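If you want the building blocks of each chain, they are given just below.
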Amino acid sequence: LRQKFDSLSSLQEARTSVTPSCQSISYSNTKPLAVMSGENCYLTSYESAGQHGIEATVYLDTRNNVPSVGHSNPVVVKAIAEQAELVNTNTRYLHPDFVELKQKIIQTLPDVPDDDWQVILTNSGSESNDLALRIAKCNTKSGDRGVVITTDIGYHGHTASLISVSPYKLKSIGETSPRKGTKWLKHPNTYTRGAQYYIEDVEETLKDTVEPVLIFEIGMSVGGVILPPEGYLGHLVNGVKTRGGTVIFDCVQTGCGRLGVGKWWGFEGSGVTPDIVTVGKPLGNGHPVSVVCVKRSVVKNFDEMGMEYFNTFGGNTVSVAAALATVNEMERLKLMENCTRIGGVLKAGFKKFMELHPNTIGDVRGEGLFLGVELIASSERDPGTSETSWVCSKMKDDFRVLTTIDGEHDSVIVVKPPQTFGDIEAEYFLWAFGQVLKKLEASKRYGSFKVGKKTPT
Ligand code: PMP
């Protein structure tokens, strides 16, 4: 570690010398972190202290939803190491771990009468969603000429095909209307409008579409923790299906039980089943692995088209070992139960803060360990963009807690920690958050509150 630390300054230089669009370094407008190790819900950052000294700072991590079973979980680390020592090959060979992983994933999916689920492994959420779109388009007569529907704040990945259906990204370059062959649904945020408004928007958007492909995030993350309101999904999916369309649920971020008991994917209980569903980030606890689950009847045309799908690293033996160990850890540690319980503690704490600070907190939403606190600038409920940036920085600098910011106006503090988040972590987090809210109100009252709009994410 010491040796690595000595090269830190050159590392930072190397990072900032890449092309500007790839320089996304967390907390770049306050103090970037040099994270060199992590354990469970904590990350350790190092910095120089004096001529020969190194100072290590431990942060409570509530912004990383990827290390689902905890940073550097020893069981997952061991599985990766042991498999790497034996062999790492591509999907052209058979391996029992793949069969076991596939069965475990299928067990989490709803029964599909007269059909069954196929599981395809890739390396990332983007690869899975890209493949899902290809399969879905093959399932329609219009193919690539058909329309793809997403929400107006959706993010589905970084490939060319997905950027076109990721308004979150398109809006950042001033594209405010859908690209050719795509349509946008209004993201159903019941903080701003009632559910009926969004249900009517579904009707309007689907009108005149034939065999549409819907790609929809069950838990809208960059949208600022938006979960579809009661009845919305049923309406949307039925609308797509009656027009002969195909439904993809993008659970890349919120799958693997983050939303709590009974919600391995998040759509359970809504009465609808997608044709295709994807999950990525949490599946390998940081190791790149992702899946596409698709009904056999839906992948039929893709299978029969005659073009082989081959993905060099997708489903390699080490990735499969990482995913299998992660899923087993989720079961052993009963993490869905933990998400429900600790998520409930955090949410109740946030609601109390909302009562205490009605002119600072406008909304508390989410489920399990996928929670959002919408900050407002005043009693007029205008978005508290600067306030959110301030809170996020103070949480880090004064209390060593890492949070993240999302939402249409960058005014939502998003809490999505490792699913192993415990009572001690929740208690400390709420205490720190309460202190920061008090400081925020005091600094606004006494006129010392000044921050730019740039978020420290
Ligand atoms: N879908 C959603 C909902 C996501 O949040 C992300 C990543 N932020 C992706 C897809 C893309 O996943 P990846 O970065 O692994 O390609």
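Being a predicted model, the structure only gives us computed values, none of them experimental.

What about the overall build of the protein chain?
When its secondary structure is counted, the protein chain shows 14 helices and 15 strands. Expected size for 457 residues packed as a compact globule is a radius of gyration near 23 Å; at 22 Å, the protein chain falls within 12% of this value. The dimensions of the protein chain, computed from C-alpha atoms along their principal axes, are 65 × 55 × 45 Å. Scored against the burial criterion, the 457 residues of the protein chain give a buried share of 48%. Pairs at least 24 residues apart make up 74% of the contacts formed inside the protein chain by residues separated by at least 6 positions.

Brief notes about the site of the ligand
Near the ligand you find 15 residues, and of these S124, G125, S126, V252 and Q253 are the closest. Considering each element in turn, the shell around the ligand owes the most residues, three residues, to helix 5 (residues 125–138). For the shell around the ligand, the class distribution of residues is two nonpolar, ten polar and three charged.

Topic: the sheet that holds strand 6 (residues 182–185)
Read across the open sheet, the seven strands follow the order 4-10-9-8-7-5-6; overall the sheet is mixed. What marks the edges here is a single partner per strand, and that holds for strand 4 (117–122) and strand 6. Within this sheet the neighbouring strands show an average axis-to-axis angle of 20 degrees, counted without direction. Pairing of strand 5 (residues 148–151) with strand 7 (residues 213–217), which is carried by two bridges, proceeds in the parallel orientation. Looking across to strand 7, one finds that V148 is bridged to V213. Strands in contact with helix 10 (residues 296–304) are strand 4, strand 8 (246–250), strand 9 (276–279) and strand 10 (290–295); relative to strand 10, the strand with the most contacts, it is inclined by about 100 degrees.

Describing helix 5
The end-to-end C-alpha distance of helix 5, which contains 14 residues, comes to 20 Å, matching closely the 20 Å that a straight helix rising 1.5 Å per residue would cover. Across the 14 residues that make up helix 5, a large majority, twelve, are buried. Buried residues of helix 5: G125, S126, E127, S128, N129, D130, L131, A132, L133, I135, A136 and K137, and no others.

Digging into the pairing of strand 8
Counting buried positions over the five residues of strand 8 gives five, a clear majority of the element. Burial along strand 8 is two-sided: the face carrying T246, I248 and D250 and the face carrying V247 and F249 are both buried. Once the chain exits strand 7 it traverses helix 9 (residues 232–242) before rejoining the sheet at strand 8, and the crossover so formed is right-handed. Inspection of the sheet shows strand 8 paired to strand 9 by three bridges, in the parallel sense. Within strand 9, the residue paired with D250 across the bridge is T278.

Some details on the packing of helix 12 (residues 335–356) against helix 14 (residues 423–445)
Where helix 12 contacts helix 14, the two axes come as close as 10 Å, and the packing angle between them is 15 degrees. Regarding the angle of helix 12 to helix 14, the classification is roughly parallel. As helix 12 packs across helix 14, the resulting crossing turns out to be right-handed. Here helix 12 contributes I342, V345, L346, G349 and F353 to the contact with helix 14, which in turn contributes A426, F429, L430, F433, G434 and L437.

Looking at the sheet that holds strand 1 (residues 35–39)
Spatial ordering of the open sheet is given by 1-2-3-13, a layout of four strands whose pairing is mixed. With partners counted over all chains shown, the strands left at the sheet margins are strand 1 and strand 13 (401–402), one partner each. Note: strand 1 against strand 2 (residues 42–49), four bridges, orientation antiparallel. Looking across to strand 2, one finds that V35 is bridged to S45.

Let's talk about the confidence of the model for the protein chain
Fine structural detail should not be taken from predicted coordinates in areas where pLDDT scores are low. Looking at the protein chain as a whole, the pLDDT averages 93, with 94% of positions reaching at least 70. Complex prediction metrics read pTM 0.95 and ipTM 0.99.

Topic: the pairing of strand 7
Buried residues dominate strand 7, accounting for five of its five residues. Neither face of strand 7 is open: one carries V213, I215 and E217, the other L214 and F216, and all of them are buried. Here strand 7 runs beside strand 8; their pairing, made up of five bridges, is parallel. In the strand pairing of strand 8, L214 is matched with V247.

Examining unusual backbone geometry
Within the chain, D208 stands out as a residue other than glycine whose phi angle is a positive 65 degrees. Within the fold, D208 resides in the loop between helix 8 (195–206) and strand 7. The phi torsion at D410 lies on the positive side, around 50 degrees, for a residue other than glycine. Along the polypeptide, D410 turns up in the loop between strand 14 (404–406) and strand 15 (412–415).

What counts, and where the lines are drawn
Residues numbered from 1 in each chain as written. Predicted model: local features only at pLDDT ≥ 70, side-chain atom pairs only at ≥ 80, totals over all residues. Helix = DSSP H or I, 4+ residues; strand = E, 2+ residues; numbered from the N terminus. Rg over C-alpha atoms; globule rule 2.2 N^0.38 Å. Buried ≥ 20, exposed ≤ 12 C-beta atoms within 10 Å, placed from the backbone. Contact = placed C-beta atoms within 7 Å. Near = placed C-beta within 6 Å. Nonpolar A, V, L, I, M, F, W, Y, C, P; charged D, E, K, R; others polar. Pairing = 2+ DSSP bridges. Axes fitted to C-alpha atoms, helices over the stretch in contact; angles between N-to-C directions. Expected span 1.5 Å × (residues − 1). Right-handed = clockwise from strand over helix to strand, strands pointing away. Parallel < 35°, antiparallel > 145°, perpendicular 65-115°, else oblique. Left-handed = near helix turned anticlockwise from the far one by under 90°. pLDDT = per-residue confidence, 0-100.

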